[in-house]
Amino acid sequence: MRRAATLLSLALVLGLSLVAAGCGGDDDDEAGGDTTTAATTEDGGGAAADCTGSIGVMAPITGDAASIGEEQLNFTKFAVSQYNEENGTSFELVEGDTQLDPAQASTVAQRFVSDDDILAVIGPAGSQEVEAVGPIFTRENLGFVGASATATALTESGDLPTFHRVVPNDAAQGPTIGEFIAEELDAQTVFIVDDQTSYSTGLAESATESLEGADVTVERDSVNQDQSDFSALVSRAADADVVFLPWQLANKGQVFAQQLQEQGSDAVVFGSDGLFSSDFTAEGAYVSSFAPDITAIESSAELVEAYEAEYGEFTSTFGPPMHAATTIALEAITAVCEEGEPTREAIAEQIGETELEESILGGPLAFDENGDVEGAQFYIFRVLGGGEYEPVDA
Amino acid sequence: MDGTFLLQQLVNGLTLGSVYALIALGYSLVYGILKLLNFAHGEVYMIGAFIGYFVLIGLGGPEDLAVPVAVALTLMFLAAMLGSGLLGVLIERFAYRRLRNAPRIAPLITALGVAFFLQSSALLLFGAQFRSYGTFQFMTGGIEVAGVRISTTRILVVVAAFSLMIALTLLVGRTTLGKAMRATAYDREAAAMMGIDVDRVIVATFLIGSILAGAAGVMFGLVFFSVYHLMGFTAGLKGFTAAVVGGIGSIPGAMLGGLLIGLAEAFSAAYISSTFQDLIVFSILIAVMLFRPTGLLGKADIRKV
């Protein structure tokens, strides 16, 4: 096994340097070494075809989730420029702002499919957006790699053959959170408030199941995210040990937590990955995340440093998976390029077969047959005073 | 728990209701005089909230105020009320005045246009992210009544809202301007013939309504923290509902409607489910419309043919 892997990566490095040469790169070639690259190409024979093209990125650049959208965009830009530099390619990036709105996402998707330069898409951010753009991309055989959409059905339904994601799905998130609340926080009663979106209800459902399995009393309610006053709901949740909010707008989670405190409750707030943001700073709360804190991963230290030198500090975990997704997409495009004129269809297929030996998220990254990431895991963080997040060892 | 819980909901409902009542007053005042549904009103409220926010930040932010809290609050309210009032007058001048004798559908569509214009301008100017007043530490003080903690800000908001409503009632009931407003509402042409400067009365009406909306915006920011460019839509809708429930055109009706809607929201979220909160609020609206088409305190609009 091990020998096969070594052989394979050797072949890859060889293939890649050929590609780099073929694409007319004149960089000092340390490509495979320090960072990410390694694709399972058949054999990198001959000079690659003209290896140019664009990838589209869909992110909530403005709108309610702008704070995470900006980081997502920056990490994508970073990944593209880094890949170009290392491999002497000249891939370009086309930006599409979705505002975390499925309707907006569809408009962007239409624009992307009609732009022949776009060979693959990164994003969109939300599960409901993926649902909205899925049919459009499927029809055009355009591959898209999600970096934060975690609803289980996206991959398991089989409706979106060109969709892959580099983050785990909610089938893993719900139980992880449920177990943590039941065992580590030792809660007897939990109040769950979903926000009436497919992401939220799905997560609330799977957490409820896991909590009830552990004999924890669960009470449920839901609330529209247009609302800004939760005080009446808060009064009902005040006596629970833990309040679980599977929401996507961190600011609303913050208001909820503050109103709990205002009414003198000492319930612990537990937010899902959507609340992982600098807008959510309720001290003593917990948040889950589909990605680890990459600043704590040794092998990614150089990447973090390079990123921060160019784009400044980042606070959420929404950015780094975009880097991994972008790198995979570019690897796939390069691999297809070698065979001849790249088609969207071939690239979409190739994405599923592409693996990273050492991604920015730490460790190898590969997809299973559904397009989900292999060996998926969720991470839990604790919110300290001043809005700092500290990873909790599960 | 039951008594305390009930009291807590009363506090929650009253706070929200006071904000709704102030917004409803603006709808009602303008409708009373022009028979115009000023859908841009919610956006005036949003701008007021933003003005309050920027004054607060300009004074050093909630953590590090350059002036005492009371001074900061006064300045925030004054700036927001002034700014919103001015905005209201501008809207009247540029969007509605020329359409005063147009068919009623024209100013209605214009009102929607102005609403979108203001919303998009706010998006362009302030960005799309949520901003937080961050006034949470103002909330820690307060009194405790029968086991319910009532924060200073909530008391401040309710007291300020009621003072404004009393001031408005006095203004309309006791002053010459109020008399002119009532006369214009009753019959615009006849009022003009009696020598009332109808233009000035209308400008004054927009000014007063928008001042109240600006104050409501700051109140909302103080209690519920977050301000953003779309906040005017939901609040405007609730304020409008409150005005209709109370009887559009009626000042005490708008106050009653606002408090009613606020309390209904709090109690339905607390005792039934927040999922159905809006359903219940709008069911109340439909029920009132069915049994009292003029609203709770509204008068029938009798027209001579």
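Reading guide: rules and limits
- Residues numbered from 1 in each chain as written.
- Chains lettered and ligands numbered in written order.
- Predicted model: local features only at pLDDT ≥ 70, side-chain atom pairs only at ≥ 80, totals over all residues.
- Helix = DSSP H or I, 4+ residues; strand = E, 2+ residues; numbered from the N terminus.
- Buried ≥ 20, exposed ≤ 12 C-beta atoms within 10 Å, placed from the backbone.
- Contact = placed C-beta atoms within 7 Å.
- Pairing = 2+ DSSP bridges.
- Axes fitted to C-alpha atoms, helices over the stretch in contact; angles between N-to-C directions.
- Right-handed = clockwise from strand over helix to strand, strands pointing away.
- Nonpolar A, V, L, I, M, F, W, Y, C, P; charged D, E, K, R; others polar.
- Expected span 1.5 Å × (residues − 1).
- Domains from an automatic or database assignment.
- Left-handed = near helix turned anticlockwise from the far one by under 90°.
- Core = buried A, V, L, I, M, F, W, Y, C linked by C-beta atoms within 7 Å.
- pLDDT = per-residue confidence, 0-100.
- Parallel < 35°, antiparallel > 145°, perpendicular 65-115°, else oblique.

1. Looking at the overall build of chain A
Counting its secondary structure elements, chain A contains 13 helices and twelve strands. Residue burial in chain A is summarised as follows: out of 394 residues, 59% are buried. Counting contacts in chain A only where the partners sit at least 6 residues apart, residues at least 24 apart contribute 72% of the total.

2. With respect to the sheet that holds strand 4 (residues 143-146) of chain A
All names here are of chain A. Pairing is parallel in the open sheet, where five strands are placed in the order 2-1-3-4-5. Each end of this open sheet is capped by a strand with a single partner; those strands are strand 2 (92-97) and strand 5 (163-165). Put simply, the sheet's adjacent strands are angled 25° from each other on average, direction ignored.

3. Remarks on the sheet that holds strand 12 (residues 389-392) of chain A
Residue and element names in this part refer to chain A. The mixed open sheet is built from seven strands, whose spatial order is 7-6-8-9-10-11-12. Single-partner strands in this sheet number two, and they are strand 7 (217-222) and strand 12. The average undirected angle you get between the axes of adjacent strands in this sheet is 25°.

4. Some words on the pairing of strand 1 (residues 54-59) of chain A
Looking along a regular strand, one sees the side chains alternate between the two faces of the sheet. Residue and element names in this part refer to chain A. Counting buried positions along strand 1 yields five of six residues, so the element is predominantly enclosed. Pairing analysis gives six bridges linking strand 1 to strand 2, with the strands arranged parallel. Paired with S54 across the bridge in strand 2 is E92. At this point the chain moves from strand 1, through helix 3 (residues 66-87), to the parallel strand 2, and the crossover so formed is right-handed.

5. Some words on the pairing of strand 7 of chain A
Residues and elements named next belong to chain A. Pairing geometry for strand 6 (residues 189-194) and strand 7, over six bridges, is parallel. Residue pairing across strands places F191 opposite E219, the latter belonging to strand 7. As for the winding sense of the linkage, the β-α-β connection from strand 6 through helix 8 (residues 198-213) to strand 7 is right-handed.

6. Brief notes about the interface of chain B and chain A
Each partner contributes residues to the interface: chain B has 26 residues there, and chain A has 24 residues. Where the side of chain B that touches chain A is concerned, the elements lending two or more residues are helix 1 (2-34), strand 3 (148-151), helix 9 (231-246) and helix 10 (251-272) of chain B. Top contributing element to the side of chain B that touches chain A by residue count: helix 1 of chain B, with five residues. Its residues placed into classes, the side of chain B that touches chain A shows twelve nonpolar, eleven polar and three charged.

7. Topic: helix 2 (residues 41-58) of chain B
Spacing of three or four residues puts side chains on the same side of an α-helix, whose turn is 3.6 residues. Counted at 1.5 Å a residue, the expected span for helix 2 of chain B with its 18 residues is 26 Å, and the 26 Å between its end C-alpha atoms agrees. Immediately beyond the C-terminal end of helix 2 of chain B, within one or two residues, lies G60(B), with a positive phi of roughly 110°.

8. A word on the domain arrangement of chain A
Residues and elements named next belong to chain A. If you check the domain split of chain A, you get domain 1 (2-168 + 295-353) and domain 2 (171-289 + 379-392). Opposite the 16 residues of domain 1 that make contact, domain 2 presents 16 residues. For the side of domain 1 that touches domain 2, the elements supplying multiple residues, two or more each, are helix 3 and helix 5 (127-139). Per-element tally for the side of domain 1 that touches domain 2: the top contributor is helix 5, with three residues. Its residues placed into classes, the side of domain 1 that touches domain 2 shows five nonpolar, nine polar and two charged.

9. A word on unusual backbone geometry
Residues and elements named next belong to chain A. Note the cis peptide between G123 and P124, where omega equals -5°. Assignment of secondary structure puts P124 in the loop between strand 3 (118-122) and helix 5. Phi at L100 takes a positive value of approximately 60°, unusual for a residue other than glycine. Within the secondary structure, L100 is located in the loop between strand 2 and helix 4 (102-113). On the basis of neighbour count, L100 is assigned to the buried category, with 26 C-beta atoms found within 10 Å. Phi is positive for D215, close to 60°, though the residue is something other than glycine. Here D215 shows up in the loop between helix 8 and strand 7.

10. Things to note about the environment of A161(B)
Residues and elements named next belong to chain B. Looking at the element boundaries, A161 is found in helix 5 (residues 152-174). For A161, a count of 26 C-beta atoms within 10 Å puts it in the buried group. C-alpha of A161 to C-alpha of Y53: the two residues are 108 residues apart in sequence and 19 Å apart in space. Those residues in contact with A161, other than ones at most four positions away along the chain, are S18, A21, L22 and M219.

11. Focus: the packing of helix 1 of chain B against helix 5 of chain B
When two helices pack together, their arrangement is given by the angle between their axes and by how far apart the axes lie. Residues and elements named next belong to chain B. Relative orientation of the contacting elements helix 1 and helix 5 amounts to 35°, with a least axis distance of 9 Å. Relative to helix 5, helix 1 is oriented so that their crossing is left-handed. Across the interface between the two elements, V11, L14, T15, S18, A21, L22 and L25 from helix 1 touch R154, V157, V158, A161, L164, M165 and L168 from helix 5. Along the lines of polarity and charge, the residues of the contact of helix 1 with helix 5 split into eleven nonpolar, two polar and one charged.

12. Remarks on helix 12 (residues 320-339) of chain A
Residues and elements named next belong to chain A. Over its 20 residues, helix 12 runs 30 Å from end to end, which matches the ideal 28 Å to within 8%, given 1.5 Å per residue. With 19 of its 20 residues buried, helix 12 lies for the most part within the structure. Immediately downstream of helix 12, the backbone of G340 shows phi near 145°, a positive value.

13. Quick word on the nonpolar core
Judged by nonpolar contacts, the single largest core of 212 residues is most densely connected at A120(A), V190(A), V243(A), A329(A), A21(B), L22(B) and A215(B). Examining the composition of this core, we find that 17 residues originate from one element, helix 8 (residues 198-224) of chain B, more than from any other. Counting only domains with at least three residues in this core, you end up with domain 1 (2-168 + 295-353) and domain 2 (171-289 + 379-392) of chain A. Not counting residues up to four positions away in its chain, the partners in contact with V243(A) are F191(A), A237(A), L260(A), A267(A), V269(A) and F270(A).

14. Things to note about the confidence of the model for chain B
Residues and elements named next belong to chain B. Of the residues in chain B, 96% reach a pLDDT of 70 or more, and the chain-wide mean stands at 89. Taken element by element, chain B is modelled with least confidence in strand 2 (residues 142-145), mean pLDDT 75, and with most confidence in helix 2, mean pLDDT 94. Scored as a complex, the prediction yields pTM 0.76 and ipTM 0.79.

15. Describing the packing of helix 6 (residues 176-186) of chain B against helix 8 of chain B
Residues and elements named next belong to chain B. The contact between helix 6 and helix 8 brings their axes to 10 Å, and the two run at 105°. Regarding the angle of helix 6 to helix 8, the classification is roughly perpendicular. Between helix 6 and helix 8, the contacting residues are L177, A180, M181 and T184 on the first element and V198, V201, A204 and T205 on the second. Taken together, the residues that form the contact of helix 6 with helix 8 break down as six nonpolar, two polar and no charged.

16. Description of the confidence of the model for chain A
In the predicted model, chain A carries a mean pLDDT of 84, and the fraction of residues at 70 or more is 87%. Note on residues 18-49 of chain A: pLDDT is under 50 here. Beyond four places in sequence and across chains, it has 74 contacts.

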